[in-house]
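Working through the structure, step by step
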Amino acid sequence: MELVFATNNAHKLEEVRQILGDRFKVLSLNDINCHEDIPETADTFQGNALQKARYVKEHYGYDCFADDTGLEVTALNGAPGVHSARYAGNHDSEANMTKLLAELKEKTDRSAQFRTVIALLLNGQEVLFEGIVKGTIATERHYGDGGFGYDPLFIPEGYTETFSQMTSESKNLISHRGRAVRKLADYLKKL
């Protein structure tokens with residue numbers, strides 16, 4: 001089965017391809033020559049994921065899935081949330097982490113969760129899948145060989161290392177995106 005994943009984020013694409021395996025051929029936006037900056041103007045993860053998937057279906061005709069992911073920090077009333085990628089500007093992970101650490105400097109509650117929502121448009125149907133992983137925000141960055149975005153700051157519940165310090169296989173087993181993609185895969189396998 002061939003599906004478009006509405007992303008040009010190489011890290012996300014690699015994670016999803018690893019999780020879905022060889023049973024599905026996952027194309028990126030680049031693979032279908034979609035080079036536009038697809039709007040993400042909704043105020044929810046579901047809305048943004050649907051907006052991206054509908055855009056690809058409407059303009060390119062492909063069955064497709066899209067995700068929207070964000071970090072929700074309890075002490076910041078769920079921020080950065082849907083604005084996670086642009087929290088401190090335009091897709092600058094280092095600036096985003098610096099801003100987050102500054103905003104949490106005086107906070108004692110460092111609990112947070114990563115949330116991913118995937119919208120699938122297939123055979124005229126729209127289906128949503130969600131994955132959540134709870135954890136805490138470290139007081140400083142802890143880099144490893146992997147991860148991206150806020151991964152150097154996020155310590156998943158039950159672990160002592162950040163997503164960035166984990167192997168991609170370990171992270172994919174417990175991550176928000178991994179959980180949502182496995183739900184997507186289970187759905188697709190039943191078709």
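None of the values given here were measured: they were computed from a predicted structure.

Evaluated as defined, the whole model comprises 5 aromatic pairs. The interplanar angle of 15 degrees and the centroid separation of 4.7 Å between the aromatic rings of F5 and F65 together place this pair among those described as stacked. A residue pair is termed long-range when its members are at least 10 positions apart, and F5 in strand β1 (residues 2-5) and F65 in strand β3 (residues 64-73) qualify at 60 residues. For F65, a relative accessible area of 0% gives the class buried. Here a set of aromatic residues connected by ring pairs shows up, and it is made of F114, F154 and F163.

With that out of the way, let us pick up helix α5 (residues 176-189). In a regular helix each residue adds 1.5 Å, so 14 residues correspond to 20 Å; α5 covers 20 Å between its end C-alpha atoms and thus fits that length. If you follow the buried residues of α5, they end up packed against β1, α1 (10-20), β3, β4 (111-122), β5 (125-137) and α4 (168-174).

Time to look at unusual backbone geometry. Note the cis peptide between A79 and P80, where omega equals 0 degrees. You can see P80 is positioned in the loop between β3 and α3 (93-104). We note that N77 has phi near 55 degrees; this positive angle belongs to a residue other than glycine. Of note in this structure, N123 is not a glycine but carries a positive phi near 55 degrees. You can see N123 is positioned in the loop between β4 and β5. Taking relative accessible area as the criterion, N123 reaches 62% and is therefore assigned exposed.

Counted residue by residue, β4 has 11 buried out of 12 residues, so it is predominantly covered. When β3 meets β4, the two strands line up antiparallel, connected through 10 bridges. Paired with T69 across the two strands is T116, which belongs to β4. Relative to β5, β4 runs antiparallel, the two being bridged by 12 bridges. Bridged to I118 within β5 is F129.

What counts, and where the lines are drawn
- Residues numbered from 1 in each chain as written.
- Predicted model: local features only at pLDDT ≥ 70, side-chain atom pairs only at ≥ 80, totals over all residues.
- Heavy atoms only, no water.
- Phe/Tyr/Trp six-rings, centres within 6.5 Å; stacked < 30°, edge-to-face > 60°.
- Helix = DSSP H or I, 4+ residues; strand = E, 2+ residues; numbered from the N terminus.
- Buried < 20%, exposed > 50% of the residue type's maximum accessible area, 1.4 Å probe, protein only.
- Expected span 1.5 Å × (residues − 1).
- Contact = heavy atoms within 4.5 Å.
- Pairing = 2+ DSSP bridges.

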